[in-house]
Amino acid sequence: PTPDPNVDADGNVHYKISFAGDCTLGSDYDVYGAPGSLVELVGSDYDYPFTYARGYFEAADFTLVNLECALTSRTEHKDKVFCFRGPPEYARILSGSGVECAVLANNHSGDYGAAGLEDTKEALSAESVGYVADGGTYLYETPRGLKIGVCAYFSGCPTLKSDIQSLRAAGAQLVIASFHFGEEG
């Protein structure tokens, strides 16, 4: 029989986890759809943005990305320097690239308000991509049986300890804490 490449000589099982930060799958409000913008470049070619990363994501047992934009059709945005959004269909970029979970705890997931954030969650759910918002948790079981818990924070982390305990109690064998702090620029 062929040896399992995920099991070492001592019988230890190995898992691959991949991460990508600040995935802005959209464009700023003032150039949305303009020539050269990501929205114009991607169009409906959902394979394009992760062309060179897809192999790593798909080879991993779990891939977590920081989704640094809203996936919404809404145009009313917050009054700030940068407001990023992509069409809701861009959730397919993640699902088609082997991404299991998107972190929404960052300074751009709410650029289009609470409604835009809800649109983002709905778009991800429709593509079976998990997500974790600010102060939230997410539990995922890999096809090979590893239970991974994720907690994410943008506006502080007063519940970090209890969130880790809660994920462990829910069966998480590995807990990943995602932090996105600091001022823009």
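Check the entry above for the structure.
These remarks concern the structure in this document. (Residues numbered from 1 in each chain as written. Predicted model: local features only at pLDDT ≥ 70, side-chain atom pairs only at ≥ 80, totals over all residues. Heavy atoms only, no water.)

A look at the pairing of strand 10 (residues 174–179)
The pairing of strand 9 (residues 147–153) with strand 10 spans six bridges and is parallel. When the sheet's bridge partners are listed, C151 is paired in strand 10 with A177. (Pairing = 2+ DSSP bridges. Helix = DSSP H or I, 4+ residues; strand = E, 2+ residues; numbered from the N terminus.)

A word on the environment of C101
Among the structural elements, C101 can be located in strand 6 (residues 101–103). Under the relative-accessibility criterion, C101 is labelled buried at 0%. Residues C101 and F19, 82 residues apart in the sequence, show an inter-C-alpha distance of 9.8 Å. Aside from chain neighbours lying at most four places away, what touches C101 is F62, T63, L64, V65, V129, G130, Y131, V132 and Y138. (Buried < 20%, exposed > 50% of the residue type's maximum accessible area, 1.4 Å probe, protein only. Contact = heavy atoms within 4.5 Å.)

Comments concerning the side chain of T72
Checked against the element boundaries, T72 lands in the loop between strand 4 (70–71) and strand 5 (84–86). Judged by its relative accessible area of 0%, T72 is buried. A distance of 3.1 Å separates a polar atom in the side chain of T72 from the backbone nitrogen of R74. Non-local contacts of T72, meaning those with residues more than four positions away in its chain, are made with R85, G86, P87, P88, Y112, G116 and D119. (Polar contact = N/O pair within 3.5 Å; in protein donor to acceptor, adjacent residues only side chain to side chain.)

Overview of unusual backbone geometry
A positive phi is found at D22, a non-glycine position, where the angle reads about 45 degrees. Positionally, D22 belongs in strand 1 (residues 17–23).

So, the sheet that holds strand 2 (residues 27–28)
As summarised here, the arrangement of the three strands in space is 2-5-4, forming an open sheet in which the pairing is mixed. Sheet topology places strand 2 and strand 4 at the edges, where each strand pairs with a single neighbour.

Don't take any of this as a statement about function, it's just geometry.
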